[in-house]
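So the chains spell out like this:
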Amino acid sequence: MATGPVTIDPEIRVFLDAMSARWAAHPPLGSLDYPGQRAVCEAVRSRWAEGGPAMARTVERVFDPGAGWLRIRVYLPEGAREPAPALVYLHGGGFTLFSIDTHDRLMREYAAAGGFAVVGVDYPLSPEHKYPVALDRIAALMLWLREHGDDLGIDGSRLAMGGDSAGANLSFATALRLREQGEGGVVRSILSNYGYFSNVISDKAEATFGGPTSNLDRDEALAYYANYLTDMARECADPLVCPLLADMAGMPPVFLVIPQCDLLTEQSVAMAARLRAAGVATADKIYPGATHSFLEAMSVAAVAREAIADGARFVAKSLE
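So, here is what we can say about the structure in this document.

Parameters and conventions
- Residues numbered from 1 in each chain as written.
- Predicted model: local features only at pLDDT ≥ 70, side-chain atom pairs only at ≥ 80, totals over all residues.
- Heavy atoms only, no water.
- Axes fitted to C-alpha atoms, helices over the stretch in contact; angles between N-to-C directions.
- Helix = DSSP H or I, 4+ residues; strand = E, 2+ residues; numbered from the N terminus.
- Left-handed = near helix turned anticlockwise from the far one by under 90°.
- Contact = heavy atoms within 4.5 Å.
- Nonpolar A, V, L, I, M, F, W, Y, C, P; charged D, E, K, R; others polar.
- Buried < 20%, exposed > 50% of the residue type's maximum accessible area, 1.4 Å probe, protein only.
- Arc of directions from axis to C-beta.
- Polar contact = N/O pair within 3.5 Å; in protein donor to acceptor, adjacent residues only side chain to side chain.
- Pairing = 2+ DSSP bridges.

1. Comments concerning the packing of helix α4 (residues 133-148) against helix α5 (residues 166-180)
Now for step 1: As a packed pair, α4 and α5 sit with axes 9 Å apart at the nearest point and diverge in direction by 65°. Like other packed secondary-structure pairs, α4 and α5 cross with a definite hand, here right-handed. Between α4, through Leu135, Asp136, Ile138, Ala139, Met142 and Leu143, and α5, the contact on the second element is made entirely by Leu170, Ala173, Thr174, Arg177 and Leu178.
Now for step 2: Each residue belonging to the contact of α4 with α5 can be placed in one class, and the counts come to eight nonpolar, one polar and two charged.

2. Quick look at helix α7 (residues 218-228)
Now for step 1: Residues of α7 that are buried include every one of Ala221, Tyr224, Tyr225, Asn227 and Tyr228, and no others. Angular distribution of buried residues about the axis of α7 spans 160°; they occupy a single face of the element.
Now for step 2: Contact partners of the buried residues in α7: α2 (34-45), α5 and α8 (232-235).
Now for step 3: For α7, the N-terminal cap is Asp217; the gap from its side-chain oxygen to the backbone nitrogen of Asp219 is 3.3 Å.

3. Here we look at the environment of Ser171
Now for step 1: Structurally, Ser171 is set in helix α5.
Now for step 2: Note on Ser171: relative accessible area 0%, which makes it buried.
Now for step 3: With 16 residues separating them along the chain, Ser171 and Val187 place their C-alpha atoms 9.4 Å apart.
Now for step 4: When neighbours within four sequence positions are excluded, Ser171 is seen to be in contact with Leu90, Met161, Gly162, Gly163 and Ile190.
Now for step 5: Within polar-contact distance, the side chain of Ser171 engages the backbone oxygen of Gly162 at 3.2 Å.

4. Description of the sheet that holds strand β1 (residues 55-63)
Either a parallel or an antiparallel arrangement is found when strands of a sheet pair, and the pairing is made through backbone hydrogen bonds.
Now for step 1: Taken together, the eight strands give an open sheet; going across it, the order is β1-β2-β4-β3-β5-β6-β7-β8, and neighbouring strands pair in mixed fashion. Where the open sheet ends on each side, the last strands, each with one partner, are β1 and β8 (282-291). If you compare each strand with its neighbour and ignore which way they point, the axes differ by 20° on average.
Now for step 2: Relative to strand β7 (residues 254-261), strand β6 (residues 187-193) runs parallel, the two sharing four bridges. Within β7, the residue paired with Asn193 across the bridge is Val257.
Now for step 3: Sitting on the sheet, α5 touches β3 (84-90), β5 (154-164), β6 and β7, and the angle it makes with β5 is about 135°.

This is the structure in structure tokens:
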């Protein structure tokens, strides 16, 4: 799959420069403990969660769906008939950072564009909560939503999953776990935004898209896996940790949003090939000039708005 010339989109560059200025106003993340790092991330990204569409109704709940406590936020857009089909969205952040607050506008954008509900999930973060704690709780949530979604205005028979970076990893892992449990029909589709699917990152990817001036380099990416796992060398052989190793037979339809200028582009391209080889209905699209986390630039970058519209269209169609 050709990616063409590697040039960052000018509007994405504006976003990256603005983010850099906001990061510079805070202590380096490496100098802070994890709660401190998360507080800085919330402050830096608050600007990009502002604005966007209003919802008809937003519901928050903190509860135990069967494997431990979760905080969720349900976005019900204007015009949605309840119980509404829903996208369960898992934020990125290397299993370590971010929240439903950093991704609040993105989830509202999906809900408004697609006419479906979105369920944002604050899953337990690493390194305080190691694999498989987050996965256990997310899988339990999906089964709970199937049975009790009506309580939240959601049609539990029409559920998709999605996420960005580590959130895409967890979406695949949850669908794989449910398939293993004989519950493969719970997830109707997967929306994968610049997924992080393996601890193997090539020298070419690091040389082309990584390094100290990028918004994600190999050392940072591998540090996130180290946070998530107890024994990285052993556990990265587990397909629920590195979904690129998984047998994809019987998985639901997938749409992969692939930024051209990303350390993890090669992983999404490989995942698309693996899905197709297993006979899974697969769509993918490379967005020229886009980088990791580019969807957060929706307020300034047309390419981000295009990708959100594409993803919303895919999810809506899959939940008809």
